[in-house]
Amino acid sequence: MASQLLIARRKISNTAFVGFCWVAAAVALAFLAMILWSLIEHGLGALNLQIFTMDTPAPGSPGGLRNAIIGSVEMCAIAMVLAVGFGVLAGTWLAEYAGDSAYGKVVRFVNDVLLSAPSILIGLFVYYVLVQPFHGFSGLAGSVALALLATPVVTRTTEDVMKLQPPALREAGVALGSPLASAIRRILWRASSTGILTGGLLAFARISGETAPLLFTALNNQFFSLDLTKPTANLPSVIFNDALSAYDDLVRLAWAGAALIAFTVLLVNIIARTLARETRRS
Amino acid sequence: MPATLKLKMTLAIDQTKATPAMAPKRRGGAFDAVFEALCFTSASTLLAALIGVLGALLIGGWPAIHKFGFGFLVTSEWNPVTEVFGAAGPVVGTIITSIVALVLALPVAFGVAVFLVEFCPPFFRRPIGVAVELLAGIPSIVYGMWGLFVLAPWFAMHIQLPILENAPPGSLLAVLTQGVPNGANILTASIILAIMILPFIAAVLRDLMMTVPAPVRESAYGLGATTMEVVMSVSLPYVRRSAIGAVMLGLGRALGETMAVTFIIGNSHAFPKSLFDSGSTIASTIANEFNEATGAMHTSALIALGLVLFLITFTVLAAARALLGTAKTV
């Protein structure tokens, strides 16, 4: 009798557990669906040609997001150039040269901390280094702040991918008489290129929606400008300002901008994941 | 060995020693050194950046720390006009929102991870896994807008107002839920944070539970254990250390999150009186006030706040990394 009861109790608690897990998964997917739905409902409706051809307006007049889109693209491009340059080299050092050295461990740890460090603190740091000394907000400062956020992602993926390459590859290169540096560049980087590209895409996805570090560095700009030494318009800041404004047309623009960023990020994420999957297969 | 072959070998060895081959080799050595130095410098830049962040916060925040001392952390008067700054409100707001978010997110994230590892039909495993990861990739400003325009009004209409109308005055419920019914409060901010860290924790937990060797789980099933018993008594203990690390990583994200919270927490510096009261976090205060700071002391107080945030998140993240060891978490 007792064992029958025990079995019944185990069955019931297991059923409850299974049910809970199904509900949890449903809840998580429901949130994704709800957020995507609001973006489609409010955002896609507000997207039109004007968004890409006109600059941010004063309340009540027609306008678009041209200056903000271009500013964002400029800053992200510069940030990615910096991040890939530094990140790939730093990742290479961690994978190939650092070994088990104490300094290597410190750098690896620091990179992991930077990977999740609050982005607003990076913004404050860049404000102190690049905005205050030059007496002005600038798009370049914004780029540097974004680069600081993207670099740890590239470093981490580069290190991981390069460590996956078989040692024989490295040894073969060196045995053929190539200096280690050439073996790394010509053989290992080539073998790891897809993985490094994935890391770059993930880093880009991460910074393209970042707002907090731009608030004190790039600031914002109501007008069209390609001059990155001046305050530069950017999508996240425009969304932040317009969403909190009291004007319906500005709020609509903010939704359009949010949809633009979110779908870009989703697309880049999907491409990165597909690439990563292809590499694992081959 | 025939003498001719021996001679040929000697010749070959002699040829490799010949000087013409040395020149390119030495050039390669120099390039080797330059390349290694370049890699080393890039890696060191990361360390320099972290030290730079700490240094900037220390230098910028020093006037405020010097003037207010420990009182900065335990008083809650925040007055730019009289230049009296106490950060207890934002500090407590940061800790409360993050912990409430973690309490809300953790069970769901755990459920999602177990679902993906144990129950999910194989056909859906990858799409659902990717969907969870995508949810983790959505920029925080989008979460902020969603919170402001969708969650907050719904919460005010369907949760805050009914409670406000029906809770007996003076009861515990009424005390816990007092506040302006506009949906911009500590609890909604925590809910948004929970939605943001949920997919992140779920993805890491899933990856961890995948590392439990199949024979270990299978032997538990073979002994007649139910799924729940396998998960709770075999899989989870197997990854316990790293799982705690994953949770703390999620906590670290919640502590430093800026935009999503700034949109929805109501931005009041007072010490929060209830879960439905508006409040502020360290990050939201900095985001709102830094560019409009009225004086040097105001700016310094905001940077000192940043220093507090740095120290809290650094501690949490360092502990998380120590627990996670080498588990992958990009």
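Here the residue index of a chain counts from 1 through its sequence in written order. For naming, the first written chain is A and the first written ligand is 1, with later ones following in the order written. In view of the model being predicted, local features appear only for residues whose pLDDT reaches at least 70, and side-chain atom pairs are presented and counted only at 80 or more, with totals across whole chains, interfaces and linings using the full set of residues.

Trainee: Could you give an account of the overall build of chain A, with specific residues and numbers?
Mentor: What counts as a helix is a DSSP run of H or I of at least four residues, what counts as a strand is a run of E of at least two, and both are numbered from the N terminus. Looking only at helices and strands, chain A has twelve helices and zero strands in total. Counted from the first residue to the last, chain A has its helices and strands arranged as α-α-α-α-α-α-α-α-α-α-α-α. On C-alpha atoms alone, chain A measures out to a radius of gyration of 24 Å, which is more than a quarter above the 19 Å that the 2.2 N^0.38 rule sets for 282 residues. With the principal axes as the frame, chain A shows a C-alpha extent of 75 × 65 × 35 Å. To sort residues by exposure, count the other C-beta atoms lying within 10 Å of each residue's C-beta; 20 or more gives buried, 12 or fewer gives exposed, and values between give partly exposed, all with C-beta atoms placed from the backbone. Taken over 282 residues, chain A has a buried fraction of 51%. Note on contacts: residues are paired as contacts if their backbone-placed C-beta atoms lie within 7 Å. Here the analysis covers contacts within chain A between residues at least 6 apart in sequence; of these, 74% occur between residues at least 24 apart. Using C-alpha atoms as the atom set, the radius of gyration is obtained and then compared with a globule rule of 2.2 Å times the number of residues to the power 0.38.

Trainee: Talk me through the overall build of chain B; I want residue IDs and the actual numbers.
Mentor: Tallying secondary structure elements over chain B gives 13 helices and two strands in all. Its C-alpha atoms give chain B a radius of gyration of 28 Å, more than 25% over the compact-globule value 20 Å for 330 residues. Projecting the C-alpha coordinates of chain B onto the three principal axes gives extents of approximately 110 × 65 × 35 Å. Within the span of chain B, comprising 330 residues, buried residues form 47% of the whole. If you take every contact in chain B between residues at least 6 apart in sequence, the share linking residues at least 24 apart comes to 76%.

Trainee: Tell me about the environment of B:Ala203, and please be specific about residues and values.
Mentor: Residue and element names in this part refer to chain B. As for its position among the elements, Ala203 is in helix H8 (residues 186–210). Put simply, Ala203 and Gly295 are 92 residues apart on the chain and 44 Å apart in space, counted from C-alpha to C-alpha. The residues contacting Ala203, other than those within four sequence positions of it, are Val132, Glu133 and Ala136.

Trainee: Describe unusual backbone geometry, with residues and values.
Mentor: Here A:His135, not a glycine, exhibits a phi torsion of approximately 55°, which is positive. Looking at the secondary structure, you find A:His135 in the loop between helix H5 (119–131) and helix H6 (139–164). Note on A:His135: 6 C-beta atoms within 10 Å, which makes it exposed. In this structure, B:Glu83 is a non-glycine residue whose phi angle is positive, near 60°.

Trainee: Describe helix H5 (residues 122–137) of chain B, listing the residues and the values that go with them.
Mentor: Expected span of a helix, by definition, is 1.5 Å for each gap between consecutive residues, and there is one gap fewer than residues. Relative to the 22 Å expected for 16 residues at 1.5 Å per residue, H5(B) spans 24 Å between its end C-alpha atoms, a close match to the ideal helical length. Considered for burial, the residues of H5(B) that qualify are B:Gly129, B:Val132, B:Leu135 and B:Gly137.

Trainee: Kindly report on the nonpolar core, identifying the contributing residues and their values.
Mentor: A:Ala150, A:Ala258, B:Val112, B:Ile201 and B:Leu205 are the most contacted members of the largest nonpolar core, which totals 188 residues. Top contributing element to this core by residue count: H8(B), with 19 residues. Excluding anything up to four places from it in sequence, B:Leu205 contacts B:Ala109, B:Phe110, B:Ala113, B:Ala243 and B:Ala246. In this description, a nonpolar core means buried residues of the types Ala, Val, Leu, Ile, Met, Phe, Trp, Tyr and Cys, linked to one another by C-beta atoms lying within 7 Å.

Trainee: Provide a residue-level description of the packing of helix H7 (residues 167–175) of chain A against helix H8 (residues 180–191) of chain A, including the pertinent values.
Mentor: For any two helices packed against each other, the geometry comes down to the angle between their axes and how far apart the axes lie. Residue and element names in this part refer to chain A. Here, axes are lines fitted to C-alpha atoms. For helices the fit covers the stretch in contact, and angles between N-to-C directions go from 0 to 180 degrees. Relative to each other, H7 and H8 sit at 140°, their axes nearing to 9 Å. In this view, H7 runs oblique relative to H8, as classed from their interaxial angle. For H7 against H8, the interelement crossing comes out right-handed. In this structure, H7 contributes Leu169, Arg170, Gly173 and Val174 to the contact, and H8 contributes Leu180, Ala183, Ile187, Leu188 and Ala191. For the contact of H7 with H8, the per-class residue count stands at seven nonpolar, one polar and one charged. Angles below 35 degrees are treated as roughly parallel, those above 145 as roughly antiparallel, those between 65 and 115 as roughly perpendicular, and all remaining angles as oblique. When the near helix sits turned anticlockwise from the far one by under a right angle, the crossing is termed left-handed; a clockwise turn instead gives a right-handed crossing. Amino acids outside the nonpolar list (Ala, Val, Leu, Ile, Met, Phe, Trp, Tyr, Cys, Pro) and the charged list (Asp, Glu, Lys, Arg) are all regarded as polar, and Gly is one of them.

Trainee: So what about the interface of chain B and chain A? Which residues, and what values?
Mentor: On the side of chain A, 76 residues touch chain B, which itself brings 71 residues to the contact. Elements that contribute at least two residues to the side of chain B that touches chain A include exactly helix H2 (22–68), helix H4 (88–119), H5, helix H6 (140–166), H8, helix H10 (227–256), helix H12 (282–289) and helix H13 (296–324) of chain B. With 21 residues, the top contributor of residues to the side of chain B that touches chain A is H2(B). Classifying every residue of the side of chain B that touches chain A gives 50 nonpolar, 16 polar and five charged.

Trainee: Tell me about the packing of helix H3 (residues 66–97) of chain A against H6(A), residues and numbers included.
Mentor: Residues and elements named next belong to chain A. Two elements in contact, H3 and H6, have axes separated by 5 Å at closest approach and are oriented at 35°. Where H3 crosses over H6, the two elements pack in a sense that is right-handed. Looking at the contact of H3 with H6, its residues break down into 18 nonpolar, ten polar and four charged.

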